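# Working through the structure, step by step
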Amino acid sequence: MNPGRRLVPIWLLAALPPLFWAGNFVLARALHMEITPIALSFWRWAIALLILLPFVYSGLWQQRRLLLRHWPVLTLFAVLGVTNYNTFAYLGLQHTTATNGVLLSSVTPVVIVALSFLLFRVPLRGVQLFGILLSLAGVVLIATEGRPQMLVGLELNRGDLWILAASLDWALYSVFLRWRPAGLEAKTFLTAIIAIGLLPLAVLYAWDLAAGHRFALNATNLAAIGYVALFPSVLAYVFWNRAVAEMGPNRTGQYLHLMPAFGAALAILLLGERLQGFHLVGAGMIAVGIVLATVHKRRNA
């Protein structure tokens, strides 16, 4: 697409997924006693697949040979982006605190930069490194409520380890998107990896049900599943994949630092929490850091 004719600016496509994922984290933590991580992950993607199929069925048939030819790499994306990432995050939110979860998930942009350099020798300019560190400092300021000394007492539990695993998983997914098959339409690609990623999730969910885990079919739970199926799944993945394709994983990855800012904003709007000075300062640091970290114009930077 010609950038001059794009209806939605690319920076907005990169910024919306962190907003949707912040809502996903808030809901997952709020409902962690109601819905098991496996159940939430399975139904999230099962409903997302049902949403997509009417729009992409013909595309799946028309591009079936391309899909079959590239099934190994599609399976890689499915396992990383569908089976693993959200399941790991939901498992982590069963046990970790909100502060730990936000801090640990915010290392993802740094991991993306490191993997890009180690695996593909993607260079990093000094101004970009400064921008990454500045936005990460803003994340710390918000997550610690303006008291960075809280980091001294930060202790890792098994929930934190799951969050770290999810961060590494998503970094790998983002870096490997350079291997996305050429010519495969965006929604066809997403639908294919959801369908593949659901297969192991279905096995895990069957085991979850056999263990006696059920959740109530009430309005709150159904609305939460509907949200995570549409916004953090279908829309966020379409937007994120497009942003990575145009800006590269390093530049796009810096937008993940918006998650704690969005999380704080959602808490203020939905939970009645007060807007504090550290929210504004931290959000400003994140915004400036993202601008500095994304100034490089090279596609794979």
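Okay, so let's go over this structure.

### Quick notes on the overall build of the chain
- Looking only at helices and strands, the chain features 13 helices and zero strands.
- Secondary structure elements in the chain, listed N-terminal to C-terminal, are α-α-α-α-α-α-α-α-α-α-α-α-α.
- Looking at the chain residue by residue over its 301 residues, the buried ones come to 50%.
- Nonlocal contacts in the chain, meaning residues at least 24 apart in sequence, comprise 92% of its contacts between residues at least 6 apart.
- Of the roughly 14,200 Å² of accessible surface on the chain, 69% is carried by carbon and sulfur atoms.

### Concerning the nonpolar core
- In terms of nonpolar packing, the biggest core is built from 76 residues, with Tyr173, Ile193 and Ile194 touching the most fellow members.
- Setting aside its immediate chain neighbours within four residues, Ile194 contacts Trp45, Ala48, Leu49, Leu52 and Val82.

### Quick look at the side chain of Asp169
- Locating Asp169 in the fold gives a position in helix α8 (residues 158-176).
- For the buried residue Asp169, which engages in no salt bridge, the nearest side chain bearing the opposite charge is Arg44, 11 Å off.
- With residues near it in sequence (within four places) discarded, Asp169 still touches Val79, Leu80, Gly81, Asn84, Tyr85 and Phe88.

### Regarding the packing of helix α1 (residues 10-30) against helix α4 (residues 71-93)
- Closest axis-to-axis distance for the α1/α4 pair is 9 Å, and the angle between their directions is 50°. Between α1 and α4, the interaxial angle falls into the category oblique. Note on packing geometry: the crossing formed by α1 with α4 is right-handed. Side by side, α1 and α4 meet where Asn24, Phe25, Ala28 and Arg29 of the first sit next to Tyr85, Asn86, Ala89, Tyr90 and Leu93 of the second.
- For the contact of α1 with α4, the residue count by class is six nonpolar, two polar and one charged.

### A short note on the packing of aromatic side chains
- For the structure on display, the rule yields 19 aromatic pairs.
- Both rings, one in Trp21 and one in Trp170, keep their centres 5.1 Å apart while their planes meet at 75°; by these two values the pair is edge-to-face. Highlighted residues: Trp21 in helix α1 and Trp170 in helix α8, separated in sequence by 149 residues. Each member of the pair Trp21 and Trp170 is classed as buried.

### Focus: helix α10 (residues 219-247)
- Over its 29 residues, α10 runs 39 Å from end to end, which matches the ideal 42 Å to within 8%, given 1.5 Å per residue.
- Of all the bends in α10, the largest measures some 40° and sits at Ala236.
- A side-chain oxygen of the first residue of α10 lies 3.3 Å from the backbone nitrogen of Thr220; this N-cap is Asn218.
- Gly248 occupies a position one or two residues after α10 and carries a positive phi of about 90°.

### Notes on the pattern of salt bridges
- Under the definition given, this model contains one salt bridge.
- With a shortest N-O distance of 2.7 Å, Glu246 and Arg242 are connected by a salt bridge. Placement of both Glu246 and Arg242 in helix α10 is noted, with a separation of four residues, approximately one turn of the helix.
- Classification of Glu246 as partly exposed rests on a relative accessible area of 28%.

### Quick word on the environment of Arg44
- Along the chain, Arg44 falls in helix α2 (residues 37-62).
- Distance in space between the C-alpha atoms of Arg44 and Val234 is 9.8 Å, their sequence separation being 190 residues.
- With near-sequence residues (within four places) excluded, Arg44 lies in contact with Trp21, Asn24, Asn86, Tyr90, Val228, Ala229, Pro232, Ser233 and Tyr237.
- A distance of 2.5 Å separates the side chain of Arg44 from the side chain of Asn86, its partner in a polar contact.

Rules of the game
- Residues numbered from 1 in each chain as written.
- Predicted model: local features only at pLDDT ≥ 70, side-chain atom pairs only at ≥ 80, totals over all residues.
- Heavy atoms only, no water.
- Helix = DSSP H or I, 4+ residues; strand = E, 2+ residues; numbered from the N terminus.
- Buried < 20%, exposed > 50% of the residue type's maximum accessible area, 1.4 Å probe, protein only.
- Contact = heavy atoms within 4.5 Å.
- Areas by Shrake-Rupley, 256 points an atom, 1.4 Å probe, with all protein chains shown as cover.
- Core = buried A, V, L, I, M, F, W, Y, C linked by side-chain atoms within 4.5 Å.
- Lys, Arg positive; Asp, Glu negative; His and termini not counted.
- Salt bridge = Lys/Arg side-chain N within 4 Å of Asp/Glu carboxyl O.
- Axes fitted to C-alpha atoms, helices over the stretch in contact; angles between N-to-C directions.
- Parallel < 35°, antiparallel > 145°, perpendicular 65-115°, else oblique.
- Left-handed = near helix turned anticlockwise from the far one by under 90°.
- Nonpolar A, V, L, I, M, F, W, Y, C, P; charged D, E, K, R; others polar.
- Phe/Tyr/Trp six-rings, centres within 6.5 Å; stacked < 30°, edge-to-face > 60°.
- Expected span 1.5 Å × (residues − 1).
- Bend = angle between axes of the 7 residues up to and from the residue.
- Polar contact = N/O pair within 3.5 Å; in protein donor to acceptor, adjacent residues only side chain to side chain.

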